[in-house]
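Overview (structure and organization)
Each chain is listed here by its residues.
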Amino acid sequence: MTPQDMVLTPMGLRFQGRVIPCSIGKGGIRSDKREGDGATPHGIHRIVGCLYRPDRIPRPVGWARPIGPGDLWSDDPGCPDYNLKVRAPYCGSHERLSRADRLYDLILLTDWNWPVANPGRGSAIFLHRWRKPGHPTEGCVAMAPGDLLWLTRKLAQGSRLIVD
């Protein structure tokens, strides 16, 4: 392990001597992750990017990229853009990144099933803001907005999320 490693434990996300309360997927942790199962995938996942809403928060780190109104994430295993950021209009199944709620004001992107996606293995494991403490996700790791911002400012691209 390196100082840039985050480790998901039953108590929360352990990083640099802190344990950050977090929520994981409603399907628990699985080694055989599939699209739509609501699970957080077991393994070592690298942080490959950061997205943020410039209309809501200032740029958190120099390597963050803005989310615009037409930005989407493809979750359609039948599309060639599966598990990639795409732009509206988009005919395949997708998730809007520019949401009305604040869940995606700040997103850390992992390399789960990326950059070349295996259709059906599951799309987009993000670290993002939670709805409320303890509320499960669709497979992502979610936490309080202050903790997410602190974590983002401490991490570098390539940092690892270890899910055991």
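Let me sum up the structure you'll find in this document. Source: prediction; values computed, not measured. (Residues numbered from 1 in each chain as written. Predicted model: local features only at pLDDT ≥ 70, side-chain atom pairs only at ≥ 80, totals over all residues. Heavy atoms only, no water.)

**Section: the overall build of the protein chain**
Spelled out, the test is: Think of it this way: any DSSP run of H or I at least four residues long counts as a helix, any run of E at least two long counts as a strand, and we number them from the N terminus. Every radius of gyration here is taken over C-alpha atoms, with the globule rule written as 2.2 Å times N^0.38, N being the number of residues. Throughout, a contact is declared for two residues whenever any of their heavy atoms are within 4.5 Å. Surface accessibility follows the Shrake-Rupley procedure with a 1.4 Å probe radius. Residue values consider only the protein chains on display as shielding. Working convention for charge: Lys and Arg count positive, Asp and Glu count negative, and His plus the chain ends are omitted. Lysine's charge is taken at NZ, arginine's at CZ, aspartate's at CG and glutamate's at CD.
When you go through the protein chain residue by residue, the secondary structure sums to 1 helix and 15 strands. Taking 2.2 N^0.38 as the reference for a compact globule, 164 residues should give roughly 15 Å; the C-alpha atoms of the protein chain span a radius of gyration of 15 Å, in line with that estimate. Each principal axis of the C-alpha distribution contributes one length, and for the protein chain these read about 45 × 35 × 30 Å. Contacts in the protein chain between residues at least 24 apart in sequence constitute 61% of all its contacts with a sequence separation of at least 6. Here the protein chain has roughly 7,900 Å² of accessible surface; of this, 54% comes from carbon and sulfur atoms. Side chains of the protein chain carry 23 positive and 16 negative charges; the gap between the two charge centres is 6 Å.

**Looking at the pairing of strand β13 (residues 126-129)**
Defined as follows: In this analysis, strands are considered paired if DSSP registers two or more bridges between them.
Bridge count for strand β12 (residues 106-110) against β13 is 2 bridges, and the pairing is antiparallel. When the bridges of β13 are listed, L109 appears paired with F126.

**What about the packing of aromatic side chains?**
Which entries qualify depends on this criterion: Each Phe, Tyr or Trp ring, with Trp reduced to its six-membered ring, pairs with another whose centre is within 6.5 Å; inter-plane angles below 30 degrees give stacked pairs, above 60 give edge-to-face pairs, and intermediate values give tilted ones. Exposure classes here rest on a 1.4 Å probe applied to the protein chains alone. A residue is buried below 20% of its type maximum, exposed above 50%, and partly exposed in between. Throughout this description, the term charge over a ring refers to an Arg CZ or Lys NZ atom that lies within 6 Å of the ring centre and within 35 degrees of the ring normal.
Taken as a whole and assessed by the stated rule, the structure comprises 3 aromatic pairs. Relative to F126, the ring of W73 lies with its centre 5.4 Å away and its plane at 85°, an arrangement referred to as edge-to-face. Residue W73 is found in strand β9 (residues 71-74), and its partner F126 is found in strand β13; the two are separated by 53 residues along the sequence. An identical accessibility class is assigned to W73 and F126; each is buried. Within the aromatic cluster, the residues linked to one another by ring pairs are W73, Y104 and F126. In this arrangement the basic side chain of R18 is found over the ring face of W150, its NZ or CZ atom lying 4.0 Å from the centre. Here the basic side chain of R99 rests over the ring of Y104, its NZ or CZ set 4.9 Å away from the ring centre.

**Considering the environment of P136**
Relative to the elements of secondary structure, P136 occurs in the loop between β13 and β14 (141-143). On a C-alpha basis, the gap between P136 and P60 in space is 25 Å, while along the polypeptide they are 76 residues apart. Once residues lying within four places of it in the same chain are set aside, the contact partners of P136 are S23, I24, G25 and K26.

**Focus on the nonpolar core**
Test applied: In this description, a nonpolar core means a group of buried Ala, Val, Leu, Ile, Met, Phe, Trp, Tyr and Cys residues linked to one another through side-chain atoms lying within 4.5 Å.
M6, L13, L108, L127, M143 and L151 are the most contacted members of the largest nonpolar core, which has 22 residues in total. Of all elements in the fold, only β1 (6-9), β2 (12-15), β7 (43-52), β12, β14, α1 (145-154) and β15 (160-163) reach the threshold of two or more residues within this core. Here this core takes 3 residues from β7, the largest share from any one element. Once you skip the residues sitting within four places of it in the chain, M6 turns out to touch L13, R14, F15, I47, L127, L151, L155, R160, L161 and I162. Within the second largest apolar cluster, 11 residues are counted, among which are I107, L109, A124 and C140.

**Things to note about the sheet that holds strand β10 (residues 85-87)**
Strand pairing within a sheet occurs via backbone hydrogen bonds; the two strands may be parallel or antiparallel. Convention followed: Every angle, taken between N-to-C directions, lies between 0 and 180 degrees, and every axis is a line fitted to C-alpha atoms, over only the stretch in contact when it is a helix.
Sheet architecture is open: 3 strands sit in the order β10-β9-β11, paired in antiparallel fashion. The sheet terminates laterally at β10 and β11 (94-96), the two strands that pair on one side only. Along the sheet, successive strands turn relative to each other by an average axial angle of 40°, direction set aside. Two strands pair when backbone bridges link them, and β9 and β11 are joined in this way by 3 bridges, in the antiparallel orientation. Bridge assignment links L72 to a residue of β11, and that residue is R96.

Note that every value here comes from positions in space, so none of it alone points to a role or purpose.
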